[in-house]
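Here is how the chains run, residue by residue.
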Amino acid sequence: MKIAIISLGCPKNQVDADVFCHALIKDGHTTVGDPAQADVIIINTCGFIESAKTEAIENILMACAYKQQNPDLKVIVTGCLAERYKQQIVQEIPEVDAVVGIGSNAALPAIVRRVCAAGAAQVESYGPKTDMPLGGARVISTPRHYAYLKIAEGCNNGCYYCAIPLIRGKLRSRELNDCVAEARWLAGEGVRELIVVAQDPTAYGEDWGKPGAICDLLDALQKIEGIRWIRVLYAYPERITDKFIAAMGRGGRKEIEDAIARLRAAIPGITLRTTLIAGFPGETEEQYAELCDFVKTVKFDRLGCFAYSAEENTVAARMENQIDEETKQRRADHIMELQAEVSAAREGEKIGQTLECICDGVDDETGMYMLRAKADCPEIDGCVLTPADTPLEEGAFYNVTVTDADTYDLYGYVEEKLED
């Protein structure tokens, strides 16, 4: 069978797709990029917040629409939306041939065979969340020079606004040696930049009774030949040091700012990023003004802000004093306007500096080469653009001197290629 896989949401979800894609290929299927050419379309959905759910439903309906030109086409839905809204998908989108919970992803080869059999009925398959494999053979769906390494599943943090524990279950850390073995394989496949992901990477090992095990893992990963950069998405600040835990526990702005100052003093050039929520239930105009001042004072290198989304069955969704959508979005948009000013200033400070960068290839819009400095995560942050008059090698490292900057991107010229 020719199978098209549409994976939505975060890199963790993409790793899941990489694993079941490998299993499908091993079972004799081929993958195609064009859904119109497929015998089976699998949508690996996200269901974290309302906008993600909307995107997932749009993609499911789009896939089902291909049945008009190919009545034999089969559509399978898996991922977070399938885990969270099983019955709604079955009942409201009967064109879907199978709804597969995340605990049944390993069974996708068998499920494909079932739905493609003559006279097959709609299939529902939901295994326990603990059945979702933490690792396993996979394809690499990112450009060859960087890849994601998922080190854990689920989360124990219990944030009031978050539905991830309801969808993905409790924290389950992947065996350290297994993580290292996959990272070593990735390096052998040409990966130079390793991006470590989990819902909370800094909680890695706590379910074994080994808090701080992320440090042991990073030490082991740094020894792998061929891996030049290791990036962690995202570190929870309260687990960085005991002092930071105490500061966050006290919850005061001064303690948080002091902790950030210590990080900047201890690690010159460190890139600090954070994500904010605007319009959490009960947020007053005074508290919002305090948040705005915090953004302008701390000057994070990278910052995102989202309007609060009330997710079913979370503590925050049941709280009083919910804020209207217009106010939430206005506050979030204004925070991002403030951060744009901060970002433009911080990027401007880099003019004249020479940065170590990795090349991601040519930008289709500008025709320039896209490179990234150590501070720039792929598909999230800006890039360093250089003229395309001198050929560069995708995945290679270069020293780039910065000559100009805008709000999020840098511009410059290549000084030299760096040796491996």
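Rules of the game
- Residues numbered from 1 in each chain as written.
- Predicted model: local features only at pLDDT ≥ 70, side-chain atom pairs only at ≥ 80, totals over all residues.
- Heavy atoms only, no water.
- Pairing = 2+ DSSP bridges.
- Helix = DSSP H or I, 4+ residues; strand = E, 2+ residues; numbered from the N terminus.
- Axes fitted to C-alpha atoms, helices over the stretch in contact; angles between N-to-C directions.
- Contact = heavy atoms within 4.5 Å.
- Parallel < 35°, antiparallel > 145°, perpendicular 65-115°, else oblique.
- Left-handed = near helix turned anticlockwise from the far one by under 90°.
- Nonpolar A, V, L, I, M, F, W, Y, C, P; charged D, E, K, R; others polar.
- Salt bridge = Lys/Arg side-chain N within 4 Å of Asp/Glu carboxyl O.
- Buried < 20%, exposed > 50% of the residue type's maximum accessible area, 1.4 Å probe, protein only.

Points about the sheet that holds strand 15 (residues 369-373)
Judged by pairing direction, the barrel is mixed, and its five strands sit side by side in the order 14-15-16-18-17 before closing back on the first. Neighbour-to-neighbour, the strand axes of this sheet turn through a mean angle of 50 degrees, independent of strand direction. With three bridges connecting them, strand 15 and strand 16 (residues 384-386) associate as antiparallel partners. Residue pairing across strands places Leu371 opposite Val384, the latter belonging to strand 16.

Looking at the sheet that holds strand 6 (residues 123-125)
Spatially, six strands are ordered 2-1-3-4-5-6 in an open sheet, and the strand pairing comes out parallel. The open sheet has two edge strands, strand 2 (30-31) and strand 6, and neither has a second partner. Two strands pair when backbone bridges link them, and strand 3 (residues 40-45) and strand 4 (residues 74-79) are joined in this way by six bridges, in the parallel orientation. Following the sheet pairing, Thr45 is matched in strand 4 by Gly79. Strands strand 1 (2-7), strand 3, strand 4, strand 5 (98-100) and strand 6 of the sheet are contacted by helix 5 (residues 108-116), whose axis makes an angle of about 150 degrees with strand 4.

Examining the packing of helix 11 (residues 285-298) against helix 12 (residues 325-348)
At a closest axis distance of 9 Å, the pairing of helix 11 and helix 12 adopts a crossing angle of 20 degrees. Taken together, the axes of helix 11 and helix 12 lie roughly parallel to each other. Considering only the axes of helix 11 and helix 12, their crossing is right-handed. Here Glu285, Tyr288, Leu291, Cys292, Val295 and Lys296 of helix 11 lie close against helix 12, whose contacting residues are Arg330, Arg331, His334, Ile335, Leu338, Gln339 and Val342. For the contact of helix 11 with helix 12, the class distribution of residues is seven nonpolar, two polar and four charged.

Considering the pattern of salt bridges
What the rule picks out here adds up to 33 salt bridges. Between Asp18 and Arg138 there is a salt bridge; the shortest N-O distance is 3.2 Å. On the criterion of sequence distance, the pair formed by Asp18 in helix 1 (residues 11-26) and Arg138 in the loop between strand 6 and strand 7 (146-150) is long-range, its members being 120 residues apart. Across the pair, Arg138 and Asp18 agree in class, each one buried. Bridged by salt links that share partners, the residues Arg273, Arg302, Glu347, Lys350, Asp376 and Asp381 form one connected network.

As far as function goes, none of this settles anything; it's purely spatial.
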